[in-house]
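# Examination of the molecular architecture
Listed here are the chains, written in short residue letters.
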Amino acid sequence: MKLLLASALLAAVTADRADDLVSSMTLEEKISYLGGRGMGTYPEDGWYVGTVYALDRLDIPALLYNDGPQGFRDDARPGTTTAFPSGLNIAATWDTEMAALWGDKMGKEFFDKGANVMLGPGLNVARVPVNGRNFEYMSGEDPVLGATLVPHVIEKAQAHKILANAKHWVNNNQETNRGSMSSNVDERTRYEMYYPPFQAAIDAGVGSFMCSYNKINHVYSCENPETLLTDLKGNMGFEGYVMSDWGATHSPSLMEGLDQEMADSDFMNFDNLKDMPIENIDASVKRILKPFIDVGAFDITENEQADRSIYNNVTNDEHFQAARTIAANSHVLLKNDNDVLPLGADFWNSDINVAMFGTQAASPAIGGQGSGRVDAAWTPSPLDTFKARAAGGDYGADSDKVSYYGDPMSDDDIAEMKDAAEAADVCFFWLSTMSGEGGDRDSLSLDNDVHVASVAEHCKKSVVVVTTPGAALLPWSDAVDAILVNFMPGCASAFATMDVVLGDVNPSGKLPITFPATENQEGFTEIQYPGLDDAENVTYTEGWSFGYRFYHQHQENPNFFFGEGLSYTTFDLIKATVSGQSIKVGLKNSGKATGSAVPQLYLQMPEECDEPLWMLKKFAKVSIDAGEETIVEFDLTDRDLSIWDVDNDVFEKCTGDATVRISFSANFNDDGSYIEKELTIV
Ligand SMILES: *[C@@H]1O[C@H](CO)[C@@H](O)[C@H](O)[C@H]1NC(C)=O
Ligand SMILES: *[C@@H]1O[C@H](CO)[C@@H](O)[C@H](O)[C@H]1NC(C)=O
């Protein structure tokens, strides 16, 4: 009660303070907040990607924005920040603790670099598997996955007196023609499939949003009154401010819901805005200032401020170790025939010979390209990490237990590689592909993987490690013993993979996106992707039916389903009981190692709700000791049991007979892979 009162009081005080500041400003000062001052203009020899100058007269510090969603990108001083695992890796952890750790460490680095807005996290729900930016997004292909994880990132990052930024609002689901295309998507699909992670960020108090390059229903995102005013600031209750993506402003869009143009003020400038209604100008300035006041960004002590600088080197061993922990927990073990993994703690003590294939072993890709890129201070390679471990020495120690045949992996080398494979006790194939902002992937194939199956045939044990910005085709799956996927795993990935293959970390990551068996297995037609007429119109005719929901609806099998991922132990679903909207699930660790299970609750709405597909509604990550049992309780909220009512603009509980399935993935094909229960919604 006291606490509630105190926070209500605080909210009132910060609102008053924002009002006071606004009312003390001249019109010119007010409008100076509604557009940026260019990239890299502050400090002169330094580098922030977005700036609004300080207003010394009122003691308001400069607003300093920086990329990006997987760490602080400092192009001028590469190697001074931590290249954290990507947003998609956070989705792959299915773990709120990992989301919190990521938000905490990234927030600290942004603060120490002197910035006060972190341009992340990325929250878009993955629609097409080839989207070049899927790696940046922490929702994977499911709104509930993103919505469950994102509050932990926002709360931890903003505790460092900086703002987080929810992006890219909205339906920026492809990079192809992103600056001209229109995502044509109906209201119900937007609210049910694409908005929930953004709503969760709002509910967690996120201070800022970034509107996207694309159009939604033929109107540019940053001048779209339906998505900005009716949806975001209206129905969804967002009280912070909306900045445009860099160059995504096309008009002085104050009245359409844009608060701030970035990075310049080509449209949102004094000449264009001075005659607009002062209430709207004041409201936008207040929306901008209040979140900074709320998180304490305008109350940094002189001592604190003295330690903050763009010139700082803010990475350190603690942050490297955090990146390692997150990366290890995001590894998804898709296959492990004959329990070839883990190799075991004593592995390197024995007289063994490991052969490594693929250039990724020596010069690893660790993050996607574009504004979300981070140049790591140190990127240990798998090759040198394994060698050092084999030698029992520090990084740099050599060992003849590990040999490398990766460069180049061409037809000429095949005979040599087969010999090496035969001589090795274990073969490791390090495969990767890359993507980035501004373009989609040409295909889901990995680079240079044509010889994997023919070489693996000669191996006693074969392990493939896949580094990918999204879904990937794994045509050699049947020919290898073990497959580990680590997405865009960040600077510490070699250590993290080592932790997993030795068994120091029991893998508990699950796929946040379905891995198709073939290119475009979902059969996107041109009208859906990349769009008709030079991709001007991209129409979301599939509604909810993308990702695992598509495979369910069409009874097709992908290569690996959303939610799949093995452990070094096994888990059983013992039973489930339903009481009202609460479902209790009994789980048992039926194997020999401690491990974390991720029970998932999928719900099929009553028929009359016109939402026929299984939808993830809840999940949990629970550590269980070998042989032990535990009970997980899922409490479905009314919102979980609701559909978007387009007539009344609210989520309406949909009553009737629903069905729930508790499982360890969206793959319902195997016998005993789920428990099904009826649930009556009243
Ligand atoms: C920043 O600090 C890290 C950790 O101490 C160090 O490894 C790295 O070399 C430093 N970066 C630069 C550019 O000096
Ligand atoms: C895209 O759709 C809009 C609205 O239906 C239409 O006016 C426009 O001509 C379409 N664009 C193209 C290139 O067909």
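Our structure's up above, just so we're on the same page.
Since the structure is predicted, the reported quantities are computational estimates derived from the model, not experimental observations. (Residues numbered from 1 in each chain as written. Chains lettered and ligands numbered in written order. Predicted model: local features only at pLDDT ≥ 70, side-chain atom pairs only at ≥ 80, totals over all residues. Heavy atoms only, no water.)

### Details of the site of ligand 1
- Around ligand 1 sit P78, G79, T80, N313, T315 and A377, and those are all the residues in its vicinity.
- At 2.9 Å from a nitrogen atom of ligand 1 is found a main-chain nitrogen or oxygen belonging to G79.
- Between ligand 1 and N313, the relevant distance is 2.4 Å, taken from an oxygen atom to a side-chain nitrogen or oxygen of the residue.
- Within the complex, the protein chains bury 42% of what would otherwise be the 360 Å² of accessible surface of ligand 1.
- Across the shell around ligand 1, the residue classes tally to two nonpolar, four polar and no charged. (Near = heavy atom within 4 Å. Polar contact = N/O pair within 3.5 Å; in protein donor to acceptor, adjacent residues only side chain to side chain. Areas by Shrake-Rupley, 256 points an atom, 1.4 Å probe, with all protein chains shown as cover. Nonpolar A, V, L, I, M, F, W, Y, C, P; charged D, E, K, R; others polar.)

### Details of the pattern of salt bridges
- Enumeration according to the criterion identifies 33 salt bridges in this entry.
- Here R373 ties to D375 by a salt bridge, and the two come within 3.6 Å at their closest N and O atoms.
- On the basis of relative accessibility, which here comes to 22%, the residue R373 falls in the partly exposed class.
- Using a relative accessible area of 29% as the deciding quantity, one classes D375 as partly exposed.
- A cluster of three or more residues bridged by salt bridges with shared partners is formed by D67, R73, D75, R373 and D375. (Salt bridge = Lys/Arg side-chain N within 4 Å of Asp/Glu carboxyl O. Buried < 20%, exposed > 50% of the residue type's maximum accessible area, 1.4 Å probe, protein only.)

### Looking at the state of the cysteines
- Taken as a whole and assessed by the stated rule, the structure comprises three disulfides.
- Put simply, C609 and C654 are joined by a disulfide, and their sulfur atoms are 1.7 Å apart. Disulfide C609-C654: the torsion about the S-S bond is -100°, which places it as left-handed. Placement of the pair is C609 in the loop between β20 (600–604) and β21 (615–619) and C654 in the loop between β25 (650–653) and β26 (656–663), with a sequence separation of 45 residues. For the pair C609 and C654, a shared accessibility class is recorded, and that class is buried.
- Along the protein, the cysteines that take part in disulfide bonds pair up as 1-2, 3-4, 5-6, counted in sequence order. (Disulfide = S-S within 2.5 Å. Helix = DSSP H or I, 4+ residues; strand = E, 2+ residues; numbered from the N terminus.)

### Examining the environment of D504
- Within the secondary structure layout, D504 lies in the loop between α16 (493–502) and α17 (532–535).
- Considered as a pair, D504 and L123 are 381 residues apart in the sequence and their alpha carbons are 31 Å apart.
- Leave out the neighbours within four places in its chain, and D504 touches R389 and D499.
- At a separation of 3.3 Å, a polar atom in the side chain of D504 contacts the side chain of R389. (Contact = heavy atoms within 4.5 Å.)

### Details of a negative patch on the surface
- Taken together, the side chains of E607, E608, D657 and E678 present a region of like negative charge at the surface.
- With respect to the helices, strands and loops of the structure, E608 is situated in the loop between β20 and β21.
- Judged by relative accessible area, which is 58%, E608 ranks as exposed. (Patch = residues over 30% accessible without salt bridge, like charges linked within 9 Å, V, L, I, M, F, W, Y side chains within 5 Å. Lys, Arg positive; Asp, Glu negative; His and termini not counted. Charge placed at Lys NZ, Arg CZ, Asp CG, Glu CD.)

### Quick word on the nonpolar core
- Among the nonpolar cores identified, the biggest contains 121 residues, and Y65, F209, W246 and F292 are the most heavily contacted of them.
- Other than its neighbours up to four places away in sequence, W246 contacts M39, V49, G50, Y65, L119, M210, Y213, M262 and A263. (Core = buried A, V, L, I, M, F, W, Y, C linked by side-chain atoms within 4.5 Å.)

### Some words on the site of ligand 2
- Surrounding ligand 2, one finds H218, D533, E536 and N537.
- One of the side-chain nitrogen or oxygen atoms of E536 is found 3.2 Å away from a nitrogen atom of ligand 2.
- Note that an oxygen atom of ligand 2 is positioned 2.4 Å from one of the side-chain N or O atoms of N537.
- The protein chains hide 45% of the 360 Å² of surface that ligand 2 would expose on its own.
- Among the residues making up the shell around ligand 2, the classes are represented as no nonpolar, two polar and two charged.

### Description of the side chain of R188
- When you line up the elements, R188 lands in helix α6 (residues 187–194).
- According to the relative accessible area criterion, R188 is buried, its value standing at 14%.
- Reaching out from R188, the side chain makes a polar contact with the side chain of E192 at a distance of 2.9 Å.
- Once residues within four sequence positions are removed from consideration, R188 is found in contact with W544, C609, D610, E611, I643, W644 and V646.

### Structural notes on the packing of aromatic side chains
- As enumerated under the stated definition, the model contains 36 aromatic pairs in all.
- Aromatic pair W169 and Y195: ring centres 4.6 Å apart, planes at 35°, arrangement tilted. With W169 in strand β4 (residues 163–169) and Y195 in the loop between α6 and α7 (196–203), the pair connects residues that are 26 residues apart, well separated along the chain. Taken as a pair, W169 and Y195 share a single burial class, namely buried.
- Cluster of aromatic residues (ring-pair linked, three or more members): W94, Y548, F562, Y602, W614, F619, F668 and Y674.
- The cationic tip of K215 hangs over the ring face of Y220; the distance from NZ or CZ to the ring centre is 5.0 Å.
- Over the ring of F651 we find R639, and its NZ or CZ is 3.6 Å from the ring centre. (Phe/Tyr/Trp six-rings, centres within 6.5 Å; stacked < 30°, edge-to-face > 60°. Lys NZ or Arg CZ within 6 Å of the ring centre and 35° of its normal.)

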